[in-house]
Amino acid sequence: MASLHDLSPTPGSRKRRKRIGRGQGSGHGGTSTRGHKGLKARTGGKVHPRREGGQTSLIRRIPKRGFTNISRVEYQVVNVRDLGRVEGDVSPEALKAAGLIGTMNKPVKVLGVGEVARAASVTAHAFSKSARAKIEAAGGSVNVIGSEAAAS
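Residues numbered from 1 in each chain as written. Predicted model: local features only at pLDDT ≥ 70, side-chain atom pairs only at ≥ 80, totals over all residues. Heavy atoms only, no water.

## Considerations on the overall build of the protein
For the protein, the helix and strand inventory stands at three helices and five strands. Scanning the protein from its N terminus toward the C terminus, one meets helices and strands in the order α-β-α-β-β-β-α-β. Each of the three principal axes of the protein carries a C-alpha extent, and together these read 90 × 60 × 25 Å. Residue burial in the protein is summarised as follows: out of 152 residues, 23% are buried. If you take every contact in the protein between residues at least 6 apart in sequence, the share linking residues at least 24 apart comes to 34%. Carbon and sulfur atoms make up 51% of the accessible area of the protein, which totals about 12100 Å². Both charge centroids of the protein, one from 28 positive and one from 10 negative side chains, sit 28 Å from each other. (Helix = DSSP H or I, 4+ residues; strand = E, 2+ residues; numbered from the N terminus. Buried < 20%, exposed > 50% of the residue type's maximum accessible area, 1.4 Å probe, protein only. Contact = heavy atoms within 4.5 Å. Areas by Shrake-Rupley, 256 points an atom, 1.4 Å probe, with all protein chains shown as cover. Lys, Arg positive; Asp, Glu negative; His and termini not counted. Charge placed at Lys NZ, Arg CZ, Asp CG, Glu CD.)

Below, the structure written as structure tokens:
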């Protein structure tokens with residue numbers, strides 16, 4: 001039976017590394033397999049991946065679709081069923097403390113999925129119609145941040 005000290009790689013399975021720049025006797029001296037002169041012969045010289053040597057570049061061959069609306073408002077959504085996890089009145093600060101939203105830098109919108117467990121004063125940047133109706137039906141109040149006529 002073979003032991004660990006008897007093991008060796010299969011002949012031909014391991015190839016020696018090409019040692020360049022070690023003199024003419026190595027067969028890879030002189031220009032060190034880089035040819036003569038030119039960009040790719042220089043230190044640090046390489047062609048940028050986007051360059052295709054006169055062929056129309058990939059970025060220009062592929063069709064462009066759509067656009068990015070710079071005025072888009074991206075809300076963090078909270079459903080009315082989750083409002084019961086917040087103690088007392090519901091505000092963005094309380095939602096953040098309860099782990100229902102990730103950041104205070106984005107506006108909060110309350111959606112109407114689920115049922116409202118208790119009456120509470122809910123403050124957010126936006127409400128869906130169904131969320132507003134469910135909160136008010138449970139005896140709570142809705143306060144919109146950033147509007148002059150905040151509904152109560």
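## A short note on the pairing of strand 1 (residues 76-79)
As paired strands, strand 1 and strand 2 (residues 108-111) are joined by four bridges and run parallel to one another. Across the sheet, the residue bridging to Val-78 is Val-110, located in strand 2. Viewed along the sheet, the connection from strand 1 through helix 2 (residues 92-97) into strand 2 turns out right-handed. (Pairing = 2+ DSSP bridges. Right-handed = clockwise from strand over helix to strand, strands pointing away.)

## Thoughts on the packing of aromatic side chains
Inspection of every chain in the model, using the stated rule, returns zero aromatic pairs. Between Lys-109 and the ring centre of Tyr-75, over which it is positioned, the NZ or CZ distance is 5.8 Å. (Phe/Tyr/Trp six-rings, centres within 6.5 Å; stacked < 30°, edge-to-face > 60°. Lys NZ or Arg CZ within 6 Å of the ring centre and 35° of its normal.)

## Observations concerning the sheet that holds strand 1
Taken in spatial order, the three strands of this open sheet run 1-2-4, and their pairing is parallel. With partners counted over all chains shown, the strands left at the sheet margins are strand 1 and strand 4 (126-127), one partner each. Relative to strand 4, strand 2 is paired through two bridges, and the arrangement is parallel. Each bridged residue has a counterpart across the sheet, and for Lys-109 the counterpart in strand 4 is Ala-126.

## Looking at a positive patch on the surface
Taken together, the side chains of Arg-16, Arg-17, Arg-19 and Arg-22 make up a positively charged region of the molecular surface. For Arg-22, the location among the structural elements is in the segment before helix 1 (58-61). Given the relative accessible area of 53%, Arg-22 is considered exposed. (Patch = residues over 30% accessible without salt bridge, like charges linked within 9 Å, V, L, I, M, F, W, Y side chains within 5 Å. Salt bridge = Lys/Arg side-chain N within 4 Å of Asp/Glu carboxyl O.)

## Notes on empty space enclosed by the protein
If you walk through the whole model with that rule in mind, you get one cavity of 30 Å³ or more. Here the largest cavity is characterised by a volume of approximately 70 Å³. Of the residues in the lining of the largest cavity, the class split is nine nonpolar, two polar and one charged. (1 Å grid on protein atoms, 1.4 Å probe; cavity = no way out; pocket = protein on both sides within 12 Å on 5 of 7 lines; lining within 4 Å. Points joined across faces, edges and corners; volume = space filled by probe spheres on them. Nonpolar A, V, L, I, M, F, W, Y, C, P; charged D, E, K, R; others polar.)

## Examining the nonpolar core
In terms of nonpolar packing, the biggest core is built from 19 residues, with Leu-83, Leu-95, Val-110, Phe-127 and Ile-135 touching the most fellow members. Contributing elements (two or more residues each) for this core: helix 2, strand 2, strand 3 (121-124), helix 3 (129-137) and strand 5 (141-144). Not counting chain neighbours up to four residues away, the residues in contact with Ile-135 comprise Val-80, Leu-83, Val-110, Val-116, Ala-120, Val-122, Phe-127, Gly-140, Ser-141 and Val-142. (Core = buried A, V, L, I, M, F, W, Y, C linked by side-chain atoms within 4.5 Å.)

## Observations concerning the pattern of salt bridges
What the rule picks out here adds up to five salt bridges. The salt bridge involving Glu-74 is made with Lys-106; its shortest N-O contact spans 3.7 Å. Of this pair, Glu-74 sits in the loop between helix 1 and strand 1 while Lys-106 sits in the loop between helix 2 and strand 2, placing them 32 residues apart in sequence. For Glu-74, a relative accessible area of 43% translates into the label partly exposed. For Asp-82, the salt bridge identified is with Arg-81, shortest N-O distance 4.0 Å.

## Thoughts on a nonpolar patch on the surface
Taken together, the side chains of Val-73, Tyr-75 and Val-77 define a hydrophobic patch exposed on the protein surface, amounting to about 260 Å² of accessible area. In this fold, Val-73 is placed in the loop between helix 1 and strand 1.

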